[in-house]
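Chains, contacts and geometry: an overview
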Amino acid sequence: MAAAYSRELLKEALPLVAREIDSTVVEVRGRKIGGAYFGLVAGPCTVESREQTLVTARAVADAGATMLRGGAFKPRTSPYSFQGLGSEGLAILREAREETGLPIVTELLDPRHVEEVADTADVIQIGARNMQNSGLLAEVGRLDKPVLIKRGPAASVDELLMAAECVAKEGNEQIVLCERGIKTFESRTRYTLDLGAVAVLKRETHLPVIVDPSHAAGRRDLVPPLARAAAAVGADGVLIEVHPQPDEALCDGPQQLAADEFAEVAGEIAAVARLLGKQIG
Ligand code: PEP
Ligand code: MN
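Throughout what follows, the structure given in this document is the object of discussion. Owing to the predicted nature of the structure, the values given are computational and were not obtained by experimental measurement.

Within the chain, the secondary structure is distributed over ten helices and eleven strands. At 17 Å, the chain has a C-alpha radius of gyration in line with the 19 Å of a compact globule built from 281 residues. Taken over the C-alpha atoms alone, the chain extends approximately 50 × 40 × 40 Å along its principal axes. Here the chain, with 281 residues, has 55% of them falling under the buried criterion. Summarising the internal contacts of the chain: among those between residues at least 6 apart in sequence, 71% fall at separations of at least 24.

The following block contains the structure:
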């Protein structure tokens, strides 16, 4: 898809996700994202152990998070890096949900794990690397479960919208989009957070749009300002990585917030969201 769609073509190309109707609210276990509801999704990059996950889950729940995120199956750039605990990680996430009541957001990497991941996840994350994996998108499109699609670092807004259309076409319209930074020439941040894309998405689709400042920044000192900016631009939520001891993390340590840092920014984000007429979902 080379050029951006005109408004008329948009409706034709994206009959299910183009904005024609009011904002869609995705609801899971009583938590809502979209419309008047702002989602605070937080948790470790990776489920490393029972202790690390439960401690984080309690901390983010106390700080007002609305959903718990954590990867059991991890997409890693190097095949020698920790790949996640897999099934054991899913069991730990179930325990965290039982204790905190927070719905679980976790990534599906491989179509062979659909049943297993769907069995635990309340929201299935399709990671940036898989945004254009049409087989995987079709699989989650056939489930009756919300899907969080992260924008690929080299994908355009139109390509992200088309990924959502791939899911919706199979019957599943419970979709949340996530801007998580794109590749540019800038090297001071891990990726470049494209808040312009969030503004465009909010105009072009009825689906909720959230922002992941953690992967975009790649460094924890920039997560709070980017998270506040995300709320200010009109995002429907944020996704923030939190770890009890970020410097010891097995994955993405430099960008994970400690629990008290998350508590502080959660309050600030909620205040900005309220200013825009939204309540924490
Ligand atoms: C993640 O959310 O932990 C993750 C791997 O993100 P992304 O797919 O955006 O790189
Ligand atoms: Mn991560």
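Right, let's talk about the site of ligand 1 for a bit. Of all residues adjacent to ligand 1, which total 13 residues, the nearest are Arg69, Lys74, Ala128, Lys150 and Arg180. Lys74 is positioned with one of its side-chain polar atoms (N or O) 2.9 Å from an oxygen atom of ligand 1. Among the residues making up the shell around ligand 1, the classes are represented as three nonpolar, three polar and seven charged.

Further remarks concern helix α9 (residues 223-233). Listed as buried for α9 are Val223, Pro224, Ala227, Ala230 and Ala231. Mapping the buried residues of α9 onto a view down its axis gives an arc of 120°, with all of them on the same face. In this structure, the buried residues of α9 make contact with β3 (37-43), α7 (195-204), β9 (209-211), α8 (213-217), β10 (237-241) and α10 (259-275). Of the residues trailing α9, Gly234 is marked for its positive phi of about 110°.

Next up on the list: the environment of His243. Along the chain, the position of His243 falls in the loop between β10 and α10. By relative accessible area, His243 is classed as buried at 3%. Ignoring any residue separated from it by four or fewer positions in sequence, one finds His243 in contact with Glu48, Gln52, Thr56, Ala249, Gln256, Leu257, Ala258 and Ala259. At 3.1 Å, the side chain of His243 and the side chain of Glu48 are in polar contact.

Moving on, we come to unusual backbone geometry. Positioned with a positive phi, Arg29 is a non-glycine residue whose angle comes to about 45°. Within the fold, Arg29 resides in the loop between β1 (26-28) and β2 (31-33). Judged by relative accessible area, Arg29 falls into the exposed class, the value being 52%. In the Ramachandran plot, Asp252 falls in the positive-phi region, its phi being about 55° despite a non-glycine side chain.

Donor atoms from the polypeptide that coordinate the manganese ion (ligand 2) comprise Cys45 (SG), His215 (NE2), Glu241 (OE) and Asp252 (OD), at 2.1 to 2.4 Å from the metal. For the manganese ion (ligand 2), the donor residues sit on a single chain with the sequence spacing C-x169-H-x25-E-x10-D. Taken as a pair, Cys45 in the loop between β3 and α2 (50-62) and Asp252 in the loop between β10 and α10 lie far apart in primary sequence, 207 residues in all. We classify Cys45 as buried; its relative accessible area is 0%.

Quick look at the side chain of Lys74 now. Position of Lys74 relative to the elements: it lies in the loop between β4 (67-69) and α3 (87-100). Of the side chains bearing the opposite charge, Glu107 lies closest to the buried Lys74, which forms no salt bridge; the N-O distance is 5.0 Å. Residues within four places of Lys74 in sequence aside, it is in contact with Cys45, Thr46, Arg69, Gln83, Gly84, Leu109 and Cys251.

So, on to the packing of α9 against α10. Helix-helix packing is described using two parameters, namely the angle between the two axes and the distance between the axes. Where α9 meets α10, the axes come as close as 8 Å, and the angle between the chain directions of the two elements is 20°. Considering the angle they form, α9 stands roughly parallel to α10. Here α9 and α10 pass one another in a crossing that is right-handed. In contact with Pro224, Ala227, Arg228, Ala231 and Ala232 of α9, α10 contributes Val265, Glu268, Ile269, Val272 and Ala273. Grouping the constituent residues of the contact of α9 with α10 by class yields eight nonpolar, no polar and two charged.

Moving on, we get to the pattern of salt bridges. What the rule picks out here adds up to 17 salt bridges. The network of salt bridges with common partners includes Arg29, Arg97 and Asp122.

The buried fraction of β10 amounts to five of the five residues, a majority that puts the element mostly inside the structure. Burial along β10 is two-sided: Gly237, Leu239 and Glu241 facing one way and Val238 and Ile240 facing the other are all buried. Summarising the sheet, β3 and β10 pair through five bridges and their orientation is parallel. Bridge pairing in β10 links Gly43 to Glu241. In the sheet, β9 pairs with β10 via two bridges, with the strands oriented parallel. Bridging across to β10, Ile210 finds its partner in Gly237.

So, how was this worked out
Residues numbered from 1 in each chain as written. Chains lettered and ligands numbered in written order. Predicted model: local features only at pLDDT ≥ 70, side-chain atom pairs only at ≥ 80, totals over all residues. Heavy atoms only, no water. Helix = DSSP H or I, 4+ residues; strand = E, 2+ residues; numbered from the N terminus. Rg over C-alpha atoms; globule rule 2.2 N^0.38 Å. Buried < 20%, exposed > 50% of the residue type's maximum accessible area, 1.4 Å probe, protein only. Contact = heavy atoms within 4.5 Å. Near = heavy atom within 4 Å. Polar contact = N/O pair within 3.5 Å; in protein donor to acceptor, adjacent residues only side chain to side chain. Nonpolar A, V, L, I, M, F, W, Y, C, P; charged D, E, K, R; others polar. Arc of directions from axis to C-beta. Donors = N, O, S within 2.8 Å, 3.2 Å for Na, K, Ca; no water. Lys, Arg positive; Asp, Glu negative; His and termini not counted. Salt bridge = Lys/Arg side-chain N within 4 Å of Asp/Glu carboxyl O. Axes fitted to C-alpha atoms, helices over the stretch in contact; angles between N-to-C directions. Parallel < 35°, antiparallel > 145°, perpendicular 65-115°, else oblique. Left-handed = near helix turned anticlockwise from the far one by under 90°. Pairing = 2+ DSSP bridges.

Function cannot be read off these values alone, since they describe shape.
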